[in-house]
Each structure stands twice: as structure tokens, then as C-alpha cells.
There are 2 protein chains.
Amino acid sequence: MNILIDNKNGEPIYNQIYSQIKNQIISGELKENEMLPSIRGLAKDLRISFITTKRAYEELEKEGFIYTLPAKGCYVAPKNVELLREENLKKIENHIEEISKLAVACNLNKNDIIEMVMFCMEDQK
Amino acid sequence: MNILIDNKNGEPIYNQIYSQIKNQIISGELKENEMLPSIRGLAKDLRISFITTKRAYEELEKEGFIYTLPAKGCYVAPKNVELLREENLKKIENHIEEISKLAVACNLNKNDIIEMVMFCMEDQK
DNA sequence: TAACTGTATATAATATAAATATACAGTTGG
DNA sequence: CCAACTGTATATTTATATTATATACAGTTA
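Keep in mind it's a predicted model, so treat the numbers as computed, not measured. (Residues numbered from 1 in each chain as written. Chains lettered and ligands numbered in written order. Predicted model: local features only at pLDDT ≥ 70, side-chain atom pairs only at ≥ 80, totals over all residues. Heavy atoms only, no water.)

Novice: If you had to explain the state of the cysteines to someone new, which residues and values would you point to?
Specialist: With the rule as written, the count across this model stands at 0 disulfides over all chains. Lacking any disulfide linkage, Cys120(A) is separated from the closest cysteine sulfur, that of Cys106(A), by 13 Å. (Disulfide = S-S within 2.5 Å.)

Here it is as C-alpha cells:
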């Protein structure tokens, strides 16, 4: 497990831990059901309070990336692709909702928006 | 000029003032180049510090809704439609950018997104 | 039972946001 | 000119939210 903390960049420590672990899970570097370092062990390594590592793990659990067995440890959750997908779809819909409002405000119609999407997403197939 | 402050709803006072004036400008209730109440006069009416009204006016000026002549007063800005439009376009592009990232994450392609846009904006022409 | 897991609650330190007072400087009309 | 009005700039207070922490607790395991 490879976590680097940068105290200077202003990003909260718990968040640095959260996103680095998250990325390792998404990239597959951490496998499903693999045990994560204990919150205390990791905290000791990083020389921070274990409350901070706990907070990072809490976020990860809330987002569904890990699961916890009290008194045993924390593990990488099996990828719930469908869940992740639905969350993303919801986010996308919210963005479209916002775009919709903005479009009305500056008199753009559906086609204008679609053209913008085509243009902005040019690099994607 | 009609401004109502609700101390209970948690929204900052300066923001309540900001959005009420903004709405009156957008709706046309306040005409171009019309003089706004002085920050001190309004503050007195509302029984708050004029620093708070000043802050609201500052926001309005930053957004381009009003302009200020120091020692004279604050006035409703001529509607810069083009400016507003460009700001909105930028916001829309940012949303599309976000959508683009999400789309990659859940394996949606450009066409999927366009279909979603079509669907979500159904009610607009 | 010692040494490890995670949990829960309370607390301290810091940063940010919100509202303010006070002193300042330009404009205007009598 | 000057009194009474405009907006400006700086420093300060207050409240709230965020970040990080210590300490005491409870379950698991070899």
C-alpha cells in the first residue's frame, strides 16, 4: 500500500488518503476483498492520528468502495458496477438539468446543446 | 425598492439582498440605468450594517448587474446580453466536461450522452 | 489474555464565512 | 464653502464549519 501525504498542498489529509486508495481500487491495483492496512497501522506509518485514517475509510465505505468487519479489518468491496453506473447516471442527469436551465437563459435550443456536446466530446468515440 | 430579509432561513443577509435585486433587474422591474437605493439608505431601512448592503452590491457589480459611480451611487447596468450569454456558455461547457468524465467512468459513449440530453430536455424545443 | 482489529464520544485547533465599526474621500446643492 | 449625502478601505468581532486529535470502549484471534 502506497500512500503519500503532502502537507503543503492544502488538501485535507483524510481526503488525500481517500482519493489515493479510491484510485488504487478503481485501477485494480487493489483487488476485490483484499484487506486494507488497518486504520491504526496506516496512521502509524503516516505519523498521523488514526482518527484521520478512519475518516478516510469512512468516506470510502460510504461510497461503497470498501467494507468493514469490526474488530477484523477493512476490505476492498466487490465492484458493484451497476451501483456505480447508476450513481454516475444520476450525476449526469443533474448536469443536464443544469445545462437545461442555462440553455433557456441564453436562448439555446436542444440542438444547440447537442452540437456543443458533440464538439466538447470530440475526442471520445 | 422592495427587499425582505428573513433572518430565520439561514441564507446570509447579503445574499438575500443580492438575489432579490438581481431578480428585479432580470425581470425588468428595475430599469437600465435606474439608480438603486444607496447602500447606507438601504441598510438603514433594513436595520443592518451598510457593510452588508455593500457586499450585496459588490456581488451584483462583479456579476455585471450594476455599476457604481463612487460618491454618486449605484445604477442598474445596461443588459449586456452578449456577456451573460458567454458566461452561460462557459458554464455549459464545464458541465459537459464533467459529463464527459463521468461518461468514461461508466462506459457511455457520445451517442449515449446525446440520447440522455434528448430525453432530459424533452420539454424544450 | 495480549495484541491486534474497528467504534464512539468529546475536544482542541484552525479556517472560513458573515456581519460589523470606524475612519476615509469624492460629489452636490444651498 | 460646508453640511449631508454618496461609495471606499481596513481592521475587528462573531459564529460556524472543517480538520485533526485523544481517550476510553468493545469485539476477534492466536
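Novice: Explain the protein's contact with DNA strand C to me, using residue names and the numbers behind them.
Specialist: Contacts to DNA strand C come from 25 residues, most closely from Arg40(A), Lys54(A), Ile51(B), Thr52(B) and Lys72(B). Among the atoms of DNA strand C close to the protein, meaning within 4 Å, 62% are from sugar or phosphate groups. Taking Ser38(A), its side chain carries an N or O atom lying 2.9 Å from a phosphate oxygen of DNA strand C. One nitrogen or oxygen atom from the main chain of Ala71(A) is found 3.2 Å from a sugar or linking oxygen belonging to DNA strand C. Top contributing element to the surface near DNA strand C by residue count: helix α3 (residues 50–62) of chain B, with 4 residues. Counted by class, the surface near DNA strand C contains 14 nonpolar, 5 polar and 6 charged residues. (Near = heavy atom within 4 Å. Polar contact = N/O pair within 3.5 Å; in protein donor to acceptor, adjacent residues only side chain to side chain. Helix = DSSP H or I, 4+ residues; strand = E, 2+ residues; numbered from the N terminus. Nonpolar A, V, L, I, M, F, W, Y, C, P; charged D, E, K, R; others polar.)

Novice: So what about the layout of surface pockets? Which residues, and what values?
Specialist: Approximately 530 Å³ is the volume found for the largest pocket. Forming the walls of the largest pocket are 21 residues, and the residues nearest its centre are Lys22(B), Ile26(B), Phe65(B), Leu84(B) and Asn88(B). Breaking the lining of the largest pocket down by element, the ones donating at least two residues are α4 (81–105) of chain A together with α1 (13–27) and α4 (81–105) of chain B. Considering every element that reaches the lining of the largest pocket, the biggest residue donor is α4(B), with 6 residues. Tallied by class, residues from the lining of the largest pocket come to 11 nonpolar, 3 polar and 7 charged. (1 Å grid on protein atoms, 1.4 Å probe; cavity = no way out; pocket = protein on both sides within 12 Å on 5 of 7 lines; lining within 4 Å. Points joined across faces, edges and corners; volume = space filled by probe spheres on them.)

Novice: Give a detailed account of the protein's contact with DNA strand D, specifying residues and quantitative values.
Specialist: Around DNA strand D sit 25 residues in total, of which Tyr14(A), Ile51(A), Lys72(A), Arg40(B) and Lys54(B) are the nearest. In DNA strand D, atoms within 4 Å of the protein come from the sugar-phosphate backbone in 62% of cases. Between a phosphate oxygen of DNA strand D and a side-chain N or O atom of Tyr14(A), the distance comes to 2.6 Å. Interatomic distance of 3.2 Å between a backbone N/O atom of Ile39(B) and a phosphate oxygen of DNA strand D.

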